[in-house]
Structure formats: C-alpha cells, structure tokens
Amino acid sequence: MTTTQETYNTYLENLIQGNRHTCAGIVNDLMQEGHSVKSVYNDIFRDSLYEIGRKWERNEISVAVEHMATSITESLMNLVYPYLFTQEHKNRKAIISSAVNEYHQIGGRMVADIIEMNGWDSYYLGANTPLTELLRMIEEKKPDVVGLSVSMYYNLYRLSDYISSIRQQFPSVEVLVGGHAFAHGAEEVLSAHSGVVHLKGLEDLEDYLKQKYAE
C-alpha cells in the first residue's frame with residue numbers, strides 16, 4: 001500500500017511549517033490504515049527529507065527549517081516504533097553506524113528499524129561514531145552484519161578507512177554500505193574492498209536479509 005500524492009504534499013507542507021502535531025496525525029492515520037513501516041519511511045519520511053534538502057540547496061528554505069524538519073521526523077519515527085516488533089525473533093544481530101563527522105543519522109536509524117522489523121536485534125550507534133568505538137562494539141556484540149551509512153560525499157574516504165579496519169579485525173563480518181552519498185558515485189570506494197554489499201534502499205535491505213539469511 002502506497003501513500004497518495006495528496007497525503008505526501010499535505011505532510012510536506014506541514015513539515016516545512018513546523019506543524020509537528022499535524023504531521024504526527026498524518027503518520028498515525030497511515031499506520032492505522034495498514035500502511036507498512038517501510039512505506040511510511042520511504043514515501044513520507046525519506047521523500048520529504050530529500051525534498052527539504054533540495055529546497056535548502058536552492059535557498060528556498062533556511063538551515064533552521066531544515067534542522068527543524070529533521071528533528072520533527074526523528075520524533076515521528078518514535079510513533080512507528082511499536083509496529084516494528086511484528087516478526088518472529090531470529091538469532092541474528094546487526095550493528096548500524098555512521099562515521100566520524102557524519103551527522104546525518106535518520107537514514108541509519110531507518111535501516112536499524114527495518115532490521116528490527118525483520119526479527120533481528122539491531123544496535124544503532126548514531127551519528128559521528130569514532131572508529132575505535134565501533135570496533136569495540138563489534139567485539140562486544142559479535143554481529144552477523146555491520147551497516148555503515150554515509151550521507152555526505154566528502155565522508156566516503158572515511159568510509160573506506162572504516163571498512164578496511166573492520167575487514168582486518170573481523171574478516172567474517174558482513175559489511176553493508178548505503179546512504180545518499182552514493183547517489184553521486186562511489187565506485188572507487190566499493191571497488192577497493194571485496195565483498196562489501198551496497199544497498200540502494202530499504203527494499204534492497206529487506207531483499208538482502210531474506211535471501212542471504214533465509215531460514
């Protein structure tokens with residue numbers, strides 16, 4: 001089930017205006033109507049934030065509005081949280097993180113939530129996570145998968161460092177990468193590391209989990 005253009009437009013307009021309660025009402029209505037978490041994340045949260053970013057780049061909105069929209073979106077994700085735990089729990093674990101100086105965290109959180117929805121335990125470390133702390137968490141939790149989210153293109157070189165360190169210390173751990181930075185091309189990063197899986201969206205993530213870890 002997909003959301004209508006009218007619903008999206010109404011949500012986006014209220015998000016830009018900072019009308020948190022109206023946005024929350026729209027999200028609640030969608031969930032109660034039976035829309036999936038993935039649909040709300042893709043068709044409402046992701047698409048609206050991409051449009052907010054484009055408007056900021058064109059100087060149509062201020063950075064304050066962009067920050068406000070991000071904050072509202074993060075708070076609305078909490079409304080969806082109870083709907084995540086619908087699948088039978090599986091004995092699988094994933095760590096999702098961003099690199100140092102990477103402050104965009106909503107994409108990574110969406111990934112962690114979708115992983116939870118598929119019955120896994122996910123540990124979301126948030127934005128601006130130092131490599132040493134990520135490696136320590138991998139040692140402690142011993143995950144099946146580590147996912148790295150990068151939104152800004154200039155942070156891709158840090159991603160390469162993270163992948164190299166994970167590969168060196170934990171060669172059996174699957175490494176997934178994704179984020180808006182890859183829209184601008186990152187072949188040099190991906191080609192430098194074998195066995196790294198690039199996921200373009202939440203659909204790719206679910207397909208990967210179901211095919212790679214089918215039980």
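Residue numbering note: each chain is counted from 1, following its sequence as written. With the structure being a predicted model, the display of local features is reserved for residues of pLDDT at least 70 and the display and counting of side-chain atom pairs for 80 or more, all residues being used for whole-chain, interface and lining totals. Side-chain metrics rest on all non-hydrogen atoms present in the structure, leaving aside hydrogens and water.

Draft legend 1. View of the pattern of salt bridges. The term salt bridge refers to a pairing of a side-chain nitrogen on Lys or Arg with a carboxyl oxygen on Asp or Glu at a separation within 4 Å. Considering all chains together, one arrives at twelve salt bridges under this definition. Residue arginine 46 pairs with aspartate 47 through a salt bridge whose shortest N-O separation is 3.1 Å. Across the salt bridge formed by lysine 55 and glutamate 60, the nearest N and O atoms sit 3.5 Å from each other. Think of it in three bands: with a 1.4 Å probe and only protein chains considered, a residue is buried below 20% of the maximum accessible area for its type, exposed above 50%, and partly exposed in between. Judged by relative accessible area, which is 18%, lysine 55 ranks as buried. Residue classification places glutamate 60 among the partly exposed positions, given a relative accessible area of 45%. One network of salt bridges, in which partners are shared, links Glu51, Arg54, Lys55, Arg58 and Glu60.

Draft legend 2. Just helix α1 (residues 5-17), in detail. The way it works is that DSSP assigns letters per residue, a run of H or I at least four long becomes a helix, a run of E at least two long becomes a strand, and they are numbered from the N terminus. To estimate the expected span of a helix, count its residues, drop one, and scale the result by 1.5 Å. For α1, built from 13 residues, the straight-helix expectation of 18 Å at 1.5 Å per residue is met to within 8% by its first-to-last C-alpha distance of 18 Å. Looking at the buried side of α1, the elements it contacts are α2 (20-32), α3 (37-57) and α4 (63-80). At the C-terminal side of α1, glycine 18 shows a positive phi close to 80°. Residue contacts are counted whenever heavy atoms from the two residues lie within 4.5 Å of one another.

Draft legend 3. Inspection of the side chain of threonine 73 at higher detail. Along the chain, threonine 73 turns up in helix α4. When near neighbours in sequence (up to four residues on either side) are disregarded, threonine 73 contacts Tyr11, Leu15, Phe45, Leu49 and Ile106.

Draft legend 4. Structural view of the environment of tyrosine 208. Structurally, tyrosine 208 can be placed in helix α9 (residues 202-212). Here tyrosine 208 falls in the buried class, since its relative accessible area comes to 11%.

Draft legend 5. Structural view of the packing of aromatic side chains. Pairs were defined over the aromatic rings of Phe, Tyr and Trp, the Trp ring being its six-membered one, requiring ring centres within 6.5 Å. Orientation was assigned from the angle between planes: stacked under 30 degrees, edge-to-face over 60, tilted for the rest. This model, assessed by the stated rule, comprises two aromatic pairs. Relative to phenylalanine 45, the ring of tyrosine 11 lies with its centre 6.4 Å away and its plane at 50°, an arrangement referred to as tilted. Highlighted residues: tyrosine 11 in helix α1 and phenylalanine 45 in helix α3, separated in sequence by 34 residues. Look at tyrosine 41 and phenylalanine 45: their rings are 5.7 Å apart centre to centre, the planes differ by 40°, and that puts the pair in the tilted class. Placement of both tyrosine 41 and phenylalanine 45 in helix α3 is noted, with a separation of four residues, approximately one turn of the helix. Note on accessibility: tyrosine 41 and phenylalanine 45 belong to one class, buried.

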